[in-house]
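# Chains, contacts and geometry: an overview
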Amino acid sequence: MFFHIRLHDFPVSRRTAELRNQHRAYLGGFAGNLIGRGAVQSEDGSTPRGSIFFGDWADRAAVEKFMAEEPFNRNGVYMSAEIVRWSNVLELKPGTYTGREGPDLFYIRGYPKPGMDAKRESLLKEHGDYLAAAEPKIVVRGGCFSDDGKQWQGSVMVVRLPDRAAADRFAAEEPFCRNGLLARVVVERCGLAGPEHK
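All values derive from a computational prediction rather than experimental measurement. Counting restarts for each chain, with residues numbered from 1 along the sequence as it is written. Local features in this predicted model are restricted to residues of pLDDT 70 or higher, and side-chain atom pairs are both shown and tallied only at a pLDDT of 80 or more, whereas totals for entire chains, interfaces and linings draw on every residue. For the side-chain quantities, the full set of heavy atoms in the structure was used; hydrogens and water were omitted.

## Concerning the pattern of salt bridges
- Salt bridges, as used here, are contacts in which a Lys or Arg side-chain nitrogen is within 4 Å of a carboxyl oxygen on Asp or Glu. In this structure the tally under the stated criterion is twelve salt bridges.
- Here Lys65 ties to Glu69 by a salt bridge, and the two come within 3.1 Å at their closest N and O atoms. Of this pair, Lys65 and Glu69 both sit in helix α2 (residues 60-69), four residues apart, which is roughly one turn of the helix.
- Only protein chains enter the accessibility calculation, which uses a 1.4 Å probe; a residue is then buried when its area is under 20% of its type maximum, exposed when over 50%, and partly exposed in between. Glu69 gets classed as partly exposed once you look at its relative accessible area, which sits at 35%.
- Note that Asp168 and Arg164 form a salt bridge whose closest N and O atoms lie 3.2 Å from each other. Of the two residues, Asp168 and Arg164 both sit in helix α5 (residues 164-173), four residues apart, roughly one turn of that helix.
- Look at Asp168 and you get partly exposed, because its relative accessible area is 33%.
- Accessibility expressed as a relative area gives 23% for Arg164, which makes it partly exposed.
- When salt bridges with common partners are traced through the structure, they connect Glu43, Arg164, Asp168 and Arg189 into a single cluster. A helix here means a DSSP run of H or I that spans at least four residues, while a strand means a run of E at least two residues long, and both kinds are numbered starting from the N terminus.

Below, the structure is given as structure tokens:
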């Protein structure tokens, strides 16, 4: 089962060099689960504001165990966590994405308004066509769902774009957003790496 995890740091970072080393060593043991992971960053890219994970686990209990034992989480670095089922539209495989750090990656997360399932169904083709045209720029993407896979909980992607203006425009012109399905859209700079932080 594919899951996406978004973790929010406290306003004053609790990350230390020692915890960072423990974090990277821990993730190195999950090459068979992790498709991609990284840090959401401040606008200038200098300060981490949280972490993101995309991966494949047996079930919700397995992904919660992974997070419970993750060193940043275990040592109080994160203020809050969101774990959702994720559709992995590009069919990426764990351990194959070596990653990319840099200022040109953006994390985009759309949160839906209630009762938008029927409208979403009517826009799926337009949504798919829009993202297919941008596929060379898209590193990872997919829908977010409840644990039983029945309730749509928005969408998530990491996209390679030249600057903040381009990222905001890309998010705003996406059909779900443009047609009023989303209550909120988050666009943040990020760095993304594979399980071994290559």
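## Concerning the environment of Val159
- Here Val159 lies in strand β8 (residues 152-160).
- Separated by twelve residues in sequence, Val159 and Ala171 place their C-alpha atoms 10.0 Å apart.
- Should any heavy atoms of two residues lie within 4.5 Å, those residues are counted as being in contact. Sequence-distant contacts of Val159, defined by excluding residues within four places in its chain, comprise Asp104, Leu105, Phe106, Ile108, Lys137, Ile138 and Phe170.

## Some thoughts on the pairing of strand β7 (residues 138-145)
- Burial analysis of β7 places eight of its eight residues in the buried class, the great majority of the element.
- Bridge analysis of β7 against β8 gives six bridges, and the strand direction is antiparallel. Residue pairing for β8: Gly143 is matched across the bridge by Ser155. For two strands to be treated as a pair, DSSP must find at least two bridges joining them.

## Quick word on the packing of aromatic side chains
- In summary, the pairing rule links any two rings of Phe, Tyr or Trp, Trp by its six-membered ring, whose centres are within 6.5 Å, and it sorts them by plane angle into stacked for under 30 degrees, edge-to-face for over 60 and tilted for everything else. Scanning the model with the defined rule gives ten aromatic pairs in all.
- Aromatic rings pair up to connect Tyr26, Phe30, Phe53, Trp57 and Phe66 into one cluster.
- In our convention, an over-ring charge means Lys NZ or Arg CZ found within 6 Å of a ring centre and within 35 degrees of that ring's normal. One cation-aromatic arrangement involves Arg14 over Phe10; the distance from NZ or CZ to the ring centre is 3.7 Å.
- A cation over an aromatic ring shows up here: Arg109 above the ring of Tyr111, its NZ or CZ 4.1 Å from the ring centre.

## What about the nonpolar core?
- Take the buried residues of types Ala, Val, Leu, Ile, Met, Phe, Trp, Tyr and Cys, join any two whose side-chain atoms come within 4.5 Å, and each joined set is a nonpolar core. Of all hydrophobic cores here, the largest spans 17 residues; its most connected members are Ile5, Leu34, Phe53, Trp57, Phe66 and Met67.
- The residues contacting Phe66, other than those within four sequence positions of it, are Ile5, Tyr26, Leu27, Phe30, Leu34, Phe53 and Trp57.
- Of all hydrophobic cores here, the second largest spans 15 residues; its members include Tyr107, Val140, Val158 and Leu192.

## Let's talk about the side chain of His23
- Structurally, His23 is set in helix α1 (residues 17-27).
- Take His23: its relative accessible area is 6%, and that puts it in the buried class.
- The residues touching His23, leaving out its near neighbours within four places in the chain, are Arg37, Phe53, Glu70, Pro71, Phe72 and Tyr78.

## Digging into α1
- Taken together, the buried positions of α1 are occupied by Leu19, His23, Tyr26 and Leu27. Buried residues along α1 cover an arc of 90 degrees about the axis, so they all sit on one side. Those residues of α1 that are exposed and aimed more than 90 degrees away from the buried face are Ala17, Asn21 and Ala25. It is the directions from the helix axis to the C-beta atoms whose arc is reported.

## With respect to the state of the cysteines
- What counts as a disulfide here is a pair of cysteine sulfur atoms lying within 2.5 Å. Under the criterion given, the structure shown has zero disulfides.
- In this structure Cys144 is not part of a disulfide, and its nearest cysteine sulfur, from Cys190, lies 14 Å away.

## Description of unusual backbone geometry
- Even without being glycine, Asn88 reaches a positive phi, approximately 50 degrees.
- By secondary structure assignment, the location of Asn88 is in the loop between β4 (78-86) and β5 (99-100).
- On the basis of relative accessibility, which here comes to 3%, the residue Asn88 falls in the buried class.
- The phi dihedral of Glu91 falls on the positive side, at around 55 degrees, and the residue is not glycine.
- Here Glu91 is to be found in the loop between β4 and β5.
- By relative accessible area, which is 62% here, Glu91 ends up exposed.

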